[in-house]
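# Remarks on the overall topology
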Amino acid sequence: MMGTPQSGATVRPRKIRWLFSTDHHVIGLQYLALACVAVTVGVGLSLFMRLHLIAPDFVVPGHGPILPEDYLALVTLHGTLMLFFVLTTAPQSGFGNLILPAQIGSRRMAFPGLNAAGFWTTALALVVLLGSTFVQGGAAISGWTAYPPLSAIAAAGPGQGLGMDLWLGSIALFAVGTGIASVNTLTTVIRFRCEGMTWERLPLTVWAWFTAALLSLIAFSVLLAALVLLFLDRHAATGFFVPQGDVLSSVVRAAAVHGNGSPLLWLHLFWFFGHPEVYIAILPGMGLTSMLLANFSRRRVYAYQMMIATTLLIGGLGILVWGHHMFVAGLNPFVGTAFSISTMAIALPSAAKVLSWLATTWRSRPHFATPMLFSLGFVSFFVVGGLSGPILAQPILDQYLHNTFFVVAHFHLIMAMAGVFGLFAGVYYYFPLIAGRYLSEGLGRVHFWGTLGGAYATFLPMHMTGLAGEPRHYAQLTGIPNAAARLLAQTLPLQRHISYAAFFLAASQLPFVWNVIRSARWGDLAQPNPWNATTLEWHPALAPFAEEGSSSDEQIVAYCSPCAYDPGAGWAGFTPQWQEIPASNVKRE
Amino acid sequence: MAMVRMPWGLPRDASAHGVALDQHLILNLWIAFSLAVLAHMILLIGILLRRPAAEASERRRLLIEYLPLAALTLLFGFLAMRAERLWEETRYTGASPAALQVEATGMQFAWYFRYPGVDGTFGRTSAERVDPGAANPVGVDPADPHGADDMVSSELVLPEGREVDLRLIAQDVIHGFAVPEMRLKQNAVPGQTIHVHFTPTDAGTYAILCTQLCGLGHYRMQANLRVLTEAGYQDWLRKRQR
């Protein structure tokens, strides 16, 4: 069972020992627990946003009506929590710690102590972020992108004072924590692969974690530098992002104290981080989906080596496309053309991945277990969300769609929903390995269909309100009776629908929560390798929370590539990577 | 191209460049929709049909992998080139010298529009002179003779059928100047002057929004764009300058 303490010690020290463990399995679970806290708060905040948009006068018990600054704080916190503390930590650090070492045949991560330090830095970052809502002046309201000069000058309005400082501090801590985790992942993959685990034999999940870690290291370093510069602009009168003669509330703020900076510098630095960040969030899901589709279809991953190449290509191109967030930011229009081309280019390795998924499942009559359903859901969201990417990559179309709900629809489908479906697939797939019990398939199906339907009902109509011209970050859609109100009013019926769908989507998570709680105690006991998987994390000697002693010193060897299935032999026909292949049966891999 | 007007779809287009933009956008939407349906059909048929016996041959591999990729490369290339032509027409070069000159200034949380007056030249401005209380929201320098006839308005009034050269300025933070019905969006960035140009074609009143999160009052940073006939515009100008 999960984290069963060893005999001998009393209960309290055991718990404390578990809390400050350097065991990567425990740290992985701690990251997942942290992501659970963040996702619960993040979803709650989004429901208040949806409620406010359709009922602006609603009085929140214990708080009062939602004011414009409250709404913007909700937006900012929701984005920050979801992007950093859920979509970055859970797939990369959570499942990375739990599964990655075993998948490469290692019993440990490279730097256990550093690993724990990385988690506690991330946990501190979350505490600082949540704490920022209680300080004088309120939480930061500049959105998760924190564009200066709004974020650089405390006098720019509510949420730009101490709340903004804490936001910067929180993200800086997070960047440090993620940097530590990335170094750990990279070193582990490079140095701790077991005998026979060549680069070609690495599961695609490992390739995804590896690429995401590389991206993290590059992107978060730049973000950390940008955060320091912004902090200096705020408190040390430097002028990186504030231009000369900046006027706020009729007072010239920047002439004397700051130099002649440019807000565009922040946009470059931020998006140089911000775009790779979305690949950091989605790559592990892509890797897991590839492996799961193959496993449940009893097929090899179609074009395995091309899948490795496309993972690296997406990573490489991912750091060359940041300017597509800046088509209307005030750059030379030729820059728009350049970034349009690099962004269109990234659609091709992404399309190659989709083709591989389609070819892997094509006429395979797969086994529809819940992890498989969520993997198929991942493909669906990846396709539907991804196809609006090339639309937004064209500057002429972006100049109409930029910062509208069309963009919100695009990134929620591909990043939030595909990303979360990758996480759900991982939880359903690995629950037997971690907890020793199965999750209920029935509840899993209810959860899957509710979430799939709820997500499409919520995010598809956002394309339409975006096409209608409705901008993001609007605390209120009605108000001043002018041309804008007429334009925005036509989207209100759809906005109501979106809000109800969002409530349904959130409610669809209750079967999942109950499933996890129920199954952890009373679920059916799991077989050692219940999905007949081929990868090493299911090796009997690598069981994550086995009783002490059972994890023998047996040498782990990878004898073949993953995904060696025998389609003719049905569900039972497979060769795990740890199984020695008789010399007569060795085929060209 | 036959266009289907979608419910809650694009608002009315009232600009000269908007027709081509709309056509391109709708073409893109149809292509994305078709590809999404196609992918889902392949996925559904694939997981519901029985498995074939044969492994993928080299020829099938070509068919499944490289042919669709080549087709998508051509398709995305075609869309990108078409989009670039439109982008180049609106953004690579400035407005014609005969275009109407207007300056739009964004500040928390209002837009101000300045017309250069009969001399056709904007007066000098400076940050120190910005004083909305003294009816000088954009900080025109009284010592500059060009500024004496400058006229500042809280609504953007334009004649139909005439190209506008809009100078975009932000005083405090980044704002997003957006007129959905003119298919126009451009950030106004403090410290920079950015030019955009467009030609309104239909008389009417349109929404000007702020689309870049600029603080507490972001959602109410709106203004009206009134497009008048040439005679109506001249009339408005005369009345305002009197």
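Residues numbered from 1 in each chain as written. Chains lettered and ligands numbered in written order. Predicted model: local features only at pLDDT ≥ 70, side-chain atom pairs only at ≥ 80, totals over all residues. Heavy atoms only, no water.

## Structural notes on the overall build of chain B
To be explicit about the condition: Helix numbering and strand numbering both begin at the N terminus, where a helix is a DSSP run of H or I of at least 4 residues and a strand a DSSP run of E of at least 2. C-alpha atoms define the radius of gyration in this analysis, and the globule rule sets the expected value at 2.2 Å times the number of residues to the power 0.38. Using a 1.4 Å probe on the protein chains alone, a residue whose accessible area is under 20% of its type maximum counts as buried, one over 50% counts as exposed, and one in between counts as partly exposed. The contact rule is simple, with two residues in contact once any of their heavy atoms fall within 4.5 Å.
A tally of regular secondary structure across chain B gives 3 helices and 10 strands. Shown N-terminal to C-terminal, the secondary structure of chain B runs as helices and strands in the order α-α-β-β-β-β-β-β-β-β-β-β-α. Relative to a compact globule of 242 residues, whose C-alpha radius of gyration would be 18 Å, chain B shows 25 Å and is clearly more extended. Overall size of chain B, expressed as C-alpha extent along the three principal axes, is 85 × 35 × 30 Å. When burial is assessed residue by residue, chain B has 52% of its 242 residues classed as buried. Considering only residue pairs separated by 6 or more positions, chain B has 70% of its internal contacts joining residues 24 or more positions apart.

## Some remarks on the overall build of chain A
For clarity, the threshold we go by: Per-residue and other accessible areas were derived by the Shrake-Rupley procedure at a 1.4 Å probe size, with only the shown protein chains allowed to occlude residues. For the purpose of counting charges, residues Lys and Arg are taken to be positive, whereas Asp and Glu are taken to be negative. His and the chain ends are not included. For charged residues, the charge sits on one atom: NZ in Lys, CZ in Arg, CG in Asp, CD in Glu.
Scanning chain A for helices and strands turns up 18 helices and 6 strands. Here the C-alpha radius of gyration of chain A, 24 Å, is about what a compact globule of 589 residues would show, namely 25 Å. Seen through its C-alpha atoms, chain A measures out along the principal axes to roughly 80 × 55 × 50 Å. Expressed as a percentage of the 589 residues in chain A, the buried residues total 64%. Taking the contacts inside chain A whose residues are at least 6 apart along the sequence as the reference set, 79% of them involve residues at least 24 apart. When the accessible area of chain A is evaluated, it comes to approximately 20,300 Å², of which 67% is carbon and sulfur surface. Counting 27 positive and 22 negative side-chain charges, chain A places the centres of these two groups 6 Å from one another.

## Quick look at the sheet that holds strand β6 (residues 175–179) of chain B
Residues and elements named next belong to chain B. Note the cut-off: When DSSP locates at least two bridges between a pair of strands, those strands are taken to pair. Axes, fitted as lines to C-alpha atoms, cover a helix only where it is in contact. Angles between the N-to-C directions of the axes lie from 0 to 180 degrees.
Strand order in this open sheet of 5 strands is β4-β10-β9-β6-β7, and the pairing throughout is mixed. At either margin of the open sheet sits one strand with a lone partner, and together these are β4 (156–159) and β7 (184–188). Each adjacent strand pair in this sheet contributes to an overall mean axis angle of 20 degrees, direction not counted. Inspection of the sheet shows strand β9 (residues 204–210) paired to strand β10 (residues 223–228) by 5 bridges, in the antiparallel sense. Considered in β10, the bridge of Tyr206 is made with Leu225.

## Overview of the interface of chain A and chain B
Cut-off, in case you're wondering: Within this document, salt bridges are pairs made up of a side-chain nitrogen of Lys or Arg and a carboxyl oxygen of Asp or Glu, the two lying within 4 Å of each other. Nitrogen and oxygen atoms within 3.5 Å of one another constitute a polar contact, given that in protein one can donate a hydrogen and the other can accept it, and given that sequence-neighbouring residues count only through two side-chain atoms. Under this grouping Gly is polar, as are all residues other than the nonpolar Ala, Val, Leu, Ile, Met, Phe, Trp, Tyr, Cys and Pro and the charged Asp, Glu, Lys and Arg.
Contact residues are listed per partner, giving 92 residues for chain A and 83 residues for chain B. Taken together, chain A and chain B are joined by 0 salt bridges. The interface formed by chain A and chain B includes 24 residue pairs in polar contact (both at pLDDT 80 or more). By residue number, the principal contributor to the side of chain A that touches chain B is helix α10 (residues 333–361) of chain A, which donates 14 residues. Counted by class, the side of chain A that touches chain B contains 63 nonpolar, 22 polar and 7 charged residues.

## Some words on the pattern of salt bridges
One pass over the structure, following the stated rule, counts 12 salt bridges over all chains. The partner of Glu441 of chain A in a salt bridge is Arg445 of chain A, and the shortest N-O contact between them spans 3.2 Å. Pair noted here: Glu441 of chain A and Arg445 of chain A are both in helix α15 (residues 441–467), with a separation of 4 residues, about one helical turn. For Arg445 of chain A, a relative accessible area of 34% puts it in the partly exposed group. Among the ionic pairs, Arg114 of chain B bridges to Glu103 of chain B, the shortest N-O distance being 2.9 Å. Separated by 11 residues along the polypeptide, Arg114 of chain B in strand β2 (residues 110–115) and Glu103 of chain B in strand β1 (residues 100–107) bring together distant segments of the chain. No difference in accessibility class separates Arg114 of chain B from Glu103 of chain B, as the two residues are buried. Linked by salt bridges that have partners in common, Glu103, Arg114, Asp150 and Arg167 of chain B make up one network.

## Brief notes about the packing of helix α4 (residues 89–103) of chain A against helix α7 (residues 204–235) of chain A
Helix packing for two helices is described by the angle between their axes and how far apart those axes are. Residues and elements named next belong to chain A. For the record, the criterion: Roughly parallel covers angles under 35 degrees, roughly antiparallel covers those over 145, roughly perpendicular covers 65 to 115, and oblique covers all other angles. Crossing chirality is assigned from the near helix's rotation relative to the far helix, an anticlockwise turn below a right angle marking it left-handed and a clockwise turn marking it right-handed.
Running from N to C, α4 and α7 cross one another at 130 degrees; their axes reach a closest spacing of 10 Å. What the angle tells us is that α4 and α7 run oblique. Read as a crossing pair, α4 and α7 show a hand that is left-handed. On α7, the residues that touch Pro91, Gln92, Phe95, Gly96, Ile99, Leu100 and Gln103 of α4 are Thr205, Val206, Trp209, Ala212, Ala213 and Ser216. Split by residue class, the contact of α4 with α7 holds 8 nonpolar, 5 polar and no charged.

## As for the environment of Glu84 of chain B
Relative to the helices and strands, Glu84 of chain B is located in helix α2 (residues 58–92). Overall, the relative accessible area of 14% leaves Glu84 of chain B in the buried class. With near-sequence residues (within four places) excluded, Glu84 of chain B lies in contact with Thr337, Ser340 and Pro395 of chain A together with Tyr92 of chain B.

## Re the side chain of Arg298 of chain A
Residues and elements named next belong to chain A. Here Arg298 lies in the loop between α8 (263–297) and α9 (304–318). Here Arg298 sits buried without a salt bridge, and the closest side chain of opposite charge, Asp566, lies 9.4 Å off (N-O distance). Here the side chain of Arg298 touches Trp571 through a polar contact of 3.1 Å, landing on its backbone oxygen. If we skip the residues at most four places from it in the chain, Arg298 touches Trp531, Asn532, Tyr565, Pro567, Gly570, Trp571, Gly573 and Phe574.

## Quick notes on the sheet that holds strand β5 (residues 164–170) of chain B
The pairing of strands in a sheet happens through backbone hydrogen bonds and is either parallel or antiparallel. Residues and elements named next belong to chain B. Within the open sheet, the 5 strands sit side by side as β3-β2-β1-β5-β8. Their pairing is mixed. Two strands close off the open sheet at either side, each with one partner strand: β3 (151–153) and β8 (194–198). With strand direction ignored, the average angle separating the axes of adjacent strands in the sheet is 25 degrees. Relative to β3, β2 is paired through 3 bridges, and the arrangement is antiparallel. Note that in β3 the partner of Tyr115 across the bridge is Met151. Contacting β1, β2 and β3, helix α3 (residues 230–241) runs over the sheet at an angle of about 110 degrees to β3.

## Observations regarding the pairing of β1 of chain B
Residues and elements named next belong to chain B. β1 sits mainly inside the fold: 7 of its 8 residues count as buried. Summarising the sheet, β1 and β5 pair through 7 bridges and their orientation is parallel. Considered in β5, the bridge of Ala104 is made with Leu168. Pairing of β1 with β2 involves 5 bridges; the strand directions are antiparallel. Counted as the bridge partner of Gly106 is Trp111 from β2.

## Side note on the packing of aromatic side chains
Residue and element names in this part refer to chain A. Under the convention used in this document: Two aromatic rings, drawn from Phe, Tyr or Trp (for Trp, its six-membered ring), form a pair once their centres lie within 6.5 Å of each other, and the interplanar angle then sorts them: stacked below 30 degrees, edge-to-face above 60, tilted otherwise.
In this structure the tally under the stated criterion is 52 aromatic pairs over all chains. Geometrically, the ring pair formed by Trp357 and Phe382 is edge-to-face, given 5.5 Å between the ring centres and 80 degrees between the ring planes. Placement of Trp357 in helix α10 and of Phe382 in helix α11 (residues 370–386) is noted, with a sequence separation of 25 residues between them. Classification of Phe382 by relative accessible area gives buried; the value is 7%. Between Tyr428 and Phe512, the ring centres sit 5.8 Å apart and the planes meet at 50 degrees, which makes this aromatic pair tilted. Taken together, the positions of Tyr428 in helix α14 (residues 405–435) and Phe512 in helix α18 (residues 510–522) put the pair 84 residues apart, joining distant regions of the chain. Accessibility classification places Tyr428 together with Phe512 in one group, the buried group. Site record: aromatic cluster; members linked through ring pairs are Phe84, Phe85, Trp144, Phe174, Phe220, Phe240, Phe241, Trp266, Phe270, Trp271 and Phe273.

## Let's talk about the pairing of β5 of chain B
Looking along a regular strand, one sees side chains alternate from face to face of the sheet. Residue and element names in this part refer to chain B. Counting buried positions over the 7 residues of β5 gives 6, a clear majority of the element. Taken together, the 5 bridges between β5 and β8 define a ladder with antiparallel strand orientation. For Asp165, the partnering residue across the bridge sits in β8 and is His197.

## Here we look at the domain arrangement of chain A
Residues and elements named next belong to chain A. Put simply, the rule reads: Throughout the structure description, domain borders are defined by an automatic or database domain assignment. What gets called buried area is simply the loss in accessible area from a 1.4 Å probe that two parts show on being joined, summed for both.
Each domain of chain A was delimited in the assignment, giving domain 1 (22–261) and domain 2 (286–526). Centre-to-centre separation of domain 1 and domain 2, based on C-alpha positions: 20 Å. Around 3,000 Å² of area is buried between domain 1 and domain 2 when both sides are counted, 79% of it from carbon and sulfur atoms. Broken down residue by residue, the surface that domain 1 buries against domain 2 is led by Arg50, Ile54 and Leu204, which jointly contribute 24%. Here domain 1 is connected to domain 2 by 0 salt bridges.

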